[in-house]
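Fold and geometry: a report
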Amino acid sequence: MQSISRAMRVAKVLAAHANEKGVSISALSKQCELPLSTMHRLLQAMIKQSMVEQDEDSKLYRLGMVWLEYGLQVYDTIDYVSKIRPELERLSREVEESVYLSKPVGTEAMIVERIDSENNPIRIYDQLGLRIPMHIGAANKSMLAAMPRSQSESILSQLLPADNIPEFLQTLNQITKQGYATSHSERTEGTSSVAVSIKDSIGQIIGAISVGVVSFNLTEERLEFLIRKVMETGNNISTRLRFNN
């Protein structure tokens, strides 16, 4: 169990630096709080399993392709993604912003799909696979609001102090009434998002769609337009899932 925990710690560090050329063994040793000798043995074992790769020239380490292989296999089992992707693409074209699909995973939500607008050079860029605590952001709040109250309260009890939960539940009630959620500079300063939750054919929460925008040019009129389009897309997706199962 210790080896598995250490390997996952290394994988998380490498994933956090996925946009870089790699991470040195000394940096990994420091961030994972492991001796260099232990880190070296662990990395060699992970290389044998294709979990880690090492650049021959720079000697830096990065995630191996096996993670992509397994990730794509899991992604392929999320059959509703292919059904609703056309709606996500349409929404991105119409609002000319990045559109996200998030999936609840325990007390977090994971971004499982992102459609970027080619017509907007200034956009928010959140990586696929990024996990965000369920009490943060419009997408996550929209999912919490749509869940049975006992489920949302259970999740919140693991994320917030007890004294903060009643006020948060009032926010969820408001989201339920209006049918959408908004967020402003909550996770990333200077950004806003609009989101609606989506359910499968039997009424189970399977995710949320959201539009992320930079806030400096977000007018009330623009916000109302985004809300209208996101809600319209949510309704279209519900229809697709209801009649395509």
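The model shown is predicted, which means the values in this text are computed figures rather than measured ones.

Basis of the calculations
- Residues numbered from 1 in each chain as written.
- Predicted model: local features only at pLDDT ≥ 70, side-chain atom pairs only at ≥ 80, totals over all residues.
- Heavy atoms only, no water.
- Buried < 20%, exposed > 50% of the residue type's maximum accessible area, 1.4 Å probe, protein only.
- Helix = DSSP H or I, 4+ residues; strand = E, 2+ residues; numbered from the N terminus.
- Pairing = 2+ DSSP bridges.
- Polar contact = N/O pair within 3.5 Å; in protein donor to acceptor, adjacent residues only side chain to side chain.
- Axes fitted to C-alpha atoms, helices over the stretch in contact; angles between N-to-C directions.
- Core = buried A, V, L, I, M, F, W, Y, C linked by side-chain atoms within 4.5 Å.
- Contact = heavy atoms within 4.5 Å.

Let's shift gears to the pairing of strand 6 (residues 181-184). Of the two faces of strand 6, only one is covered, namely that formed by Ala181 and Ser183; the face formed by Thr182 and His184 stays uncovered. Note that strand 6 and strand 7 (residues 191-199) share 4 bridges and pair antiparallel. In the sheet register, Thr182 faces strand 7, and the bridge partner there is Val194. As consecutive antiparallel partners, strand 6 and strand 7 are separated by 6 residues, and within that stretch Ser185 has a phi angle of approximately 50°, a positive value.

Turning to its location among the elements, Glu113 is positioned in strand 4 (residues 108-115). A polar side-chain atom of Glu113 sits 2.9 Å from a polar atom in the side chain of Arg85.

Another aspect to go through is the sheet that holds strand 3 (residues 98-105). The strand order 5-4-3-8-7-6 describes an open sheet built from 6 strands, whose pairing is antiparallel. Since the sheet does not close on itself, it has two edges, and those belong to strand 5 (131-133) and strand 6, each with one partner. Strand after strand, the sheet turns through a mean of 30° between neighbouring axes, direction not considered. Pairing analysis gives 5 bridges linking strand 3 to strand 8 (residues 205-214), with the strands arranged antiparallel. When the bridges of strand 8 are listed, Ser102 appears paired with Ala208.

When a protein is soluble and globular, its nonpolar side chains tend to lie buried together. If you look at the biggest cluster of nonpolar residues, it comprises 23 residues, and the most contacted ones within it are Leu88, Leu101, Ile209, Val211, Val230 and Ile237. If you list the elements that add at least two residues to this core, you get helix 5 (80-95), strand 3, strand 4, strand 7, strand 8 and helix 9 (220-243). Here this core takes 6 residues from helix 9, the largest share from any one element. Those residues within four positions of Leu88 in sequence are excluded, and the remaining contacts are Val99, Leu101, Glu113, Ile115, Ile209 and Ile237. Judged by nonpolar contacts, the second largest core, of 20 residues, contains Met143, Ala145, Met147 and Leu169.

Now for the pairing of strand 3. In terms of strand pairing, strand 3 meets strand 4 through 7 bridges, oriented antiparallel. Bridging from a neighbouring strand, Val105 pairs with Glu108 of strand 4. Where strand 3 hands over to strand 4, the hairpin turn is made up of 2 residues, of which Gly106 adopts a positive phi near 65°.

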